Amino acid sequence: GAGVSQTPSNKVTEKGKYVELRCDPISGHTALYWYRQSLGQGPEFLIYFQGTGAADDSGLPNDRFFAVRPEGSVSTLKIQRTERGDSAVYLCASSNEGGHEQFFGPGTRLTVL
Amino acid sequence: QKEVEQNSGPLSVPEGAIASLNCTYSDRGSQSFFWYRQYSGKSPELIMFIYSNGDKEDGRFTAQLNKASQYVSLLIRDSQPSDSATYLCAVNSGYSTLTFGKGTMLLVSP
């Protein structure tokens with residue numbers, strides 16, 4: 001596919017569990033971003049990768065959140081000891097190196113019961 | 001704290017009218033400005049970006065930027081019911097991350 005893809009589309013988990021959310025960016029895009037969006041809010045920045053490294057992780061809310069991009073393509077957002085407040089849509093976006101135009105994936109809706 | 005402010009709406013306009021969506025931002029160092037459209041249950045879709053003061057037109061859409069007033073707007077001419085969505089204003093402050101407003105819901109009635 002030509003666009004950003006994210007899996008799973010929906011994830012329901014119980015409080016305290018560990019979850020992984022996956023993002024596959026547009027082919028050739030070196031920059032990858034994670035955002036989360038709560039109902040009625042705009043997307044909130046979490047972390048930005050340029051290649052394999054996290055260039056800016058200032059948006060991660062606490063140390064339960066971690067993200068990797070080991071080969072500079074696919075990225076995984078990992079959330080430990082999930083809390084009900086983590087429930088949101090997690091969006092991934094990608095862009096060309098130096099490009100400011102970010103293209104979003106369909107998102108993963110995370111529900112923590 | 002970088003902030004982007006938008007009226008949450010809804011902004012209701014009849015079909016064929018001009019819809020005007022507004023956004024203000026707090027960081028004077030902001031360099032680029034984006035408008036995304038988001039349909040209910042879908043992800044944001046980029047429709048316009050603007051870097052320089054003035055107007056930028058693309059089809060029925062015109063983005064306007066006034067850096068002195070820290071103000072960005074989006075005009076939609078000949079509004080269609082299919083334009084009904086939430087419009088998100090986003091600002092880039094010199095690094096690659098975006099700060100989004102909460103969005104303005106636009107309703108275009110037939």
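Up top is the structure.
Overview of the structure.

1. With respect to the overall build of chain B
In terms of regular secondary structure, chain B is built from zero helices and 11 strands. Each helix and strand of chain B, placed in order from N terminus to C terminus, yields the pattern β-β-β-β-β-β-β-β-β-β-β. In terms of C-alpha radius of gyration, chain B reaches 13 Å, essentially the compact-globule figure of 13 Å for 110 residues. With respect to the principal axes defined by its C-alpha atoms, chain B has extents near 40 × 30 × 20 Å.

2. Description of the packing of aromatic side chains
In the structure shown here, the tally under the stated rule is 11 aromatic pairs over all chains. Ring geometry for A:Tyr35 versus B:Phe100: centroids 5.7 Å apart, planes at 90°, classification edge-to-face. With A:Tyr35 in strand β4 (residues 31-37) and B:Phe100 in strand β10 (residues 98-100), this residue pair bridges two chains. Residues A:Tyr35 and B:Phe100 agree in their burial class; the two are buried.

3. Some remarks on the state of the cysteines
Per the stated rule, a full pass over the model turns up two disulfides over all chains. Linked covalently through their sulfurs, A:Cys23 and A:Cys92 form a disulfide whose S-S length is 1.8 Å. Judged by the sign of its S-S torsion, about -65°, the cystine formed by A:Cys23 and A:Cys92 is left-handed. With A:Cys23 in strand β3 (residues 19-24) and A:Cys92 in strand β9 (residues 88-95), this pair connects stretches of sequence that are 69 residues apart. Overall, the relative accessible area of 0% leaves A:Cys23 in the buried class. Two residues share a disulfide in this structure: B:Cys23 and B:Cys89, whose sulfurs sit 2.1 Å from each other. Taking the sign of the torsion about the S-S bond as the criterion, the disulfide between B:Cys23 and B:Cys89, at about -70°, is left-handed. Note that B:Cys23 is positioned in strand β3 (residues 19-25) and B:Cys89 in strand β9 (residues 85-92), a separation of 66 residues in sequence.

4. Structural notes on the interface of chain A and chain B
On the chain B side, the residues contacting the 18 residues of chain A number 18 residues. Carbon and sulfur atoms make up 55% of the area that chain A and chain B hide from each other, which totals about 1600 Å². When residues of chain A are sorted by the area they lose upon contact with chain B, A:His100, A:Glu101 and A:Phe104 head the list and together hold 34% of the total. Linking chain A to chain B there are zero salt bridges. Between the two partners, chain A and chain B, sit four residue pairs in polar contact (both at pLDDT 80 or more). Secondary structure elements with two or more residues in the side of chain A that touches chain B: β4, β5 (44-50) and β6 (53-56) of chain A. With three residues, β4(A) is the largest single contributor of residues to the side of chain A that touches chain B.

Procedures and definitions
- Residues numbered from 1 in each chain as written.
- Chains lettered and ligands numbered in written order.
- Predicted model: local features only at pLDDT ≥ 70, side-chain atom pairs only at ≥ 80, totals over all residues.
- Heavy atoms only, no water.
- Helix = DSSP H or I, 4+ residues; strand = E, 2+ residues; numbered from the N terminus.
- Rg over C-alpha atoms; globule rule 2.2 N^0.38 Å.
- Phe/Tyr/Trp six-rings, centres within 6.5 Å; stacked < 30°, edge-to-face > 60°.
- Buried < 20%, exposed > 50% of the residue type's maximum accessible area, 1.4 Å probe, protein only.
- Disulfide = S-S within 2.5 Å.
- Contact = heavy atoms within 4.5 Å.
- Buried area = accessible area lost by both parts, 1.4 Å probe.
- Salt bridge = Lys/Arg side-chain N within 4 Å of Asp/Glu carboxyl O.
- Polar contact = N/O pair within 3.5 Å; in protein donor to acceptor, adjacent residues only side chain to side chain.

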